[in-house]
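Okay, here's what each chain looks like letter by letter:
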Amino acid sequence: MTDQSAPDREEEFAIFNHLESEVRSYARSFPVVFARARGAQLFARDGTAYLDFLMGCSSLNYGHNPPELKSALADYIEGDGITHGLDLYNVAKESFLQEFHETILRPRQFDYVVQFPGPTGANAVEAALKLARKITGRSNIVAFTNGFHGVSLGALSCTGNRYHRAAAGQLLGGVTRLPYDGYLGSTVDSANYLDRLLSDPSSGVDAPAAVIVETVQGEGGLNVAGIEWLRNVAAIARKHGALLIVDDIQAGVGRTGAFFSFEASGLRPDIVTMAKSISGYGLPMALVLIDRKLDRWEPGEHNGTFRGNCHAFVTARAALEHFWRTDSFAASVEEKGNLLKSRLEQIAQKYDPSRVSAKGRGMMRGIELKSGEIAGQVVRTAFQRGLIVETAGPKGEVVKCLPPLVIGEDQLSQGLDILAHAIESVIGSPVNTPA
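Residues numbered from 1 in each chain as written. Predicted model: local features only at pLDDT ≥ 70, side-chain atom pairs only at ≥ 80, totals over all residues. Heavy atoms only, no water.

**Student:** When you look at the environment of Ala251 in this model, what are you seeing that I'm missing?
**Tutor:** With respect to the element layout, Ala251 can be found in the loop between β10 (243-247) and β11 (271-274). Between the alpha carbons of Ala251 and Pro66 there is a distance of 20 Å; along the sequence they are 185 residues apart. The contacts of Ala251, once residues within four sequence positions are left out, are Thr215, Val216, Thr256, Ser261 and Met364. (Helix = DSSP H or I, 4+ residues; strand = E, 2+ residues; numbered from the N terminus. Contact = heavy atoms within 4.5 Å.)

**Student:** I'm lost on the packing of helix α5 (residues 67-78) against helix α12 (residues 310-323) in this one. Help?
**Tutor:** Helix-helix packing: each pair is described by the crossing angle between the helix axes and the interaxial distance. Two numbers describe how α5 lies on α12: the axes approach to 9 Å, and their chain directions differ by 140°. Regarding the angle of α5 to α12, the classification is oblique. Taken as a pair, α5 and α12 cross one another with a handedness that is right-handed. Here α5 contributes Glu68, Leu69, Ala72, Leu73, Tyr76 and Ile77 to the contact with α12, which in turn contributes Cys310, His311, Val314, Thr315, Arg317, Ala318, Ala319, His322 and Phe323. Considered class by class, the residues forming the contact of α5 with α12 number ten nonpolar, three polar and two charged. (Axes fitted to C-alpha atoms, helices over the stretch in contact; angles between N-to-C directions. Parallel < 35°, antiparallel > 145°, perpendicular 65-115°, else oblique. Left-handed = near helix turned anticlockwise from the far one by under 90°. Nonpolar A, V, L, I, M, F, W, Y, C, P; charged D, E, K, R; others polar.)

**Student:** Please explain the pattern of salt bridges as it appears in this structure.
**Tutor:** Oppositely charged side chains can form a pair if their charged atoms are brought close together. Tallying each qualifying case throughout the model produces 18 salt bridges. A salt bridge links Lys134 to Glu301; the shortest N-O distance between them is 3.1 Å. Of this pair, Lys134 sits in helix α7 (residues 121-136) while Glu301 sits in the loop between β12 (287-291) and α12, and the two are 167 residues apart along the sequence. With relative accessibility at 34%, the residue Glu301 sits in the partly exposed group. (Salt bridge = Lys/Arg side-chain N within 4 Å of Asp/Glu carboxyl O. Buried < 20%, exposed > 50% of the residue type's maximum accessible area, 1.4 Å probe, protein only.)

**Student:** For this particular structure, what's the right way to read the pairing of strand β17 (residues 398-401)?
**Tutor:** Regular strands place side chains that alternate from one sheet face to the opposite one. A two-sided burial pattern is seen for β17, the buried positions comprising Val398 and Lys400 on one face and Val399 and Cys401 on the other. Bridge count for strand β14 (residues 364-368) against β17 is four bridges, and the pairing is antiparallel. The partner of Glu368 across the bridge, within β17, is Val398. In this antiparallel pair of consecutive strands, strand β16 (residues 390-392) and β17, the connection spans five residues, and Gly393 shows a positive phi of 100°. (Pairing = 2+ DSSP bridges.)

**Student:** Explain the side chain of Ser357 to me, please; I cannot follow it from the model alone.
**Tutor:** Position of Ser357 relative to the elements: it lies in strand β13 (residues 357-361). Only 3.1 Å separates the side chain of Ser357 from the side chain of Lys370, close enough to count as a polar contact. The contact partners of Ser357, leaving out residues within four places of it in the chain, are Ala348, Gly366, Ile367, Glu368 and Lys370. (Polar contact = N/O pair within 3.5 Å; in protein donor to acceptor, adjacent residues only side chain to side chain.)

**Student:** Sorry, what's going on with the sheet that holds strand β15 (residues 387-388) here?
**Tutor:** For sheets, the rule is that strands pair by backbone hydrogen bonds, running either parallel or antiparallel. Taken in spatial order, the four strands line up as β1-β2-β3-β15 in an open sheet, and their pairing is mixed. Only two strands of the sheet have a single neighbouring strand rather than two, namely β1 (34-38) and β15. Taken together, the two bridges between strand β3 (residues 49-52) and β15 define a ladder with parallel strand orientation. Within the sheet, the bridge partner assigned to Asp52 lies in β15 and is Ile388.

**Student:** I keep staring at the sheet that holds β12 and nothing clicks. Help me out?
**Tutor:** The strand order across the open sheet built from seven strands is β4-β12-β11-β10-β7-β5-β6, with neighbouring strands paired in mixed fashion. One side of each edge strand has no neighbouring strand; the edge strands of this open sheet are β4 (112-115) and β6 (175-178). Averaged over neighbouring strand pairs, the angle between their axes works out to 20° when direction is ignored. Along the sheet face, α7 touches β4, β5 (140-144), β7 (208-213), β10, β11 and β12 and points at about 175° away from the line of β10.

**Student:** I keep staring at the packing of aromatic side chains and nothing clicks. Help me out?
**Tutor:** Any aromatic ring pair is given by two values, namely how distant the centres are and how the planes are angled relative to each other. Considering all chains together, one arrives at 21 aromatic pairs under this definition. Judged by centre distance (5.5 Å) and plane angle (25°), the ring pair of Phe96 and Phe100 falls under stacked. Residue Phe96 and its partner Phe100 are located together in helix α6 (residues 91-108), separated by four residues, close to a single helical turn. The two residues Phe96 and Phe100 agree in class, both being buried. The ring of Phe43 has Arg36 sitting right over it, with the charged end atom 4.1 Å from the ring centre. (Phe/Tyr/Trp six-rings, centres within 6.5 Å; stacked < 30°, edge-to-face > 60°. Lys NZ or Arg CZ within 6 Å of the ring centre and 35° of its normal.)

**Student:** What am I meant to see in the nonpolar core here?
**Tutor:** One finds Phe100 and Phe259 to be the most contacted residues of the largest nonpolar core, which totals 97 residues. When residues in this core are grouped by element, the largest group, nine residues, is from α12. If you look at the next biggest cluster of nonpolar residues, it comprises 26 residues, including Ala127, Ala209, Leu243 and Ile290. (Core = buried A, V, L, I, M, F, W, Y, C linked by side-chain atoms within 4.5 Å.)

Purely geometric numbers; function is a separate question.
Have a look at this one:
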């Protein structure tokens, strides 16, 4: 990393410090001005290269500027393709929907209709909650500890993080919070607890419109729900007349191996929310997948100016065509996920398990360091050595690795070497190193 004096750095960031709101966050952890990006790397203005294990918080599963997607978008723009079309019929949307149906929905026998709610994951969650309440006539939503579903008010009501909730400036109601799988330890089945509450007319818990759940809690700290727990939650929701919403915004689009993170559990959610990497290129795009029988929206009842990002349709279609028409890409992601798991476990096993442990699923994994302060120091040290990686968890205690799904093994190993050295430099030499 290029050494810069304090005055030089103040000058470099002057326009940001003068005009950009204090709400910015990632820039504080990675204080350089980035100029370009390719594959698994970001390049600073001075040419310094960084391995990117943040990837737009899983918005760039195929890496920066994947050539197949860039070419498709450039051709579309060169041909004066429509950029913005509200929800008008257009060829970009038509091509995406055809590809999504043929490559994703039909092979899985999913009979979903697709709603474009607006450009962000929070838009998708807001639409899903609103539709569930409209369909059922109920207002209560069941959400889980450490869940993260966005920071607009409806989505924020389902989000567990106290820091984000406090910024709302008003009461966040309409949600019953229950323990996620493993939150109370391995001996407590919180799914059975949910069933008990909903079965008891004196529990004080109103019948819910929906249960919203992440199969892997990204911002919540890489907590992984067990298959049986997920199946039980789905069955309990159905038993009590609630819809099952799976928030697949961060864990979907291959991040856990399969296209949808819930495929291994055999779930067929009533509603699925997607965003982040669905465009494949970092372009704003979100989807709500709705069981065809539940599509009870009236025309224009839920809308938004930017519910039709044609450039995102183009790159999303190209991504599906290039990466998902066969099973080879998912198989490669599974292999890399196993490598990531093995390497992180090797790092963790060198230390006392009360201080360091590996967790996560697929290529959505990390190291829990039990302390947000320590994890933050590791992130800063890793950045100084050329790796961009973030923290997650209720106290920021988990160093979360989200490398691109297309990353080569050499770059993956290089990044993990940097992480291992950063951990050692912050918490000291491993205590479990073989003699």
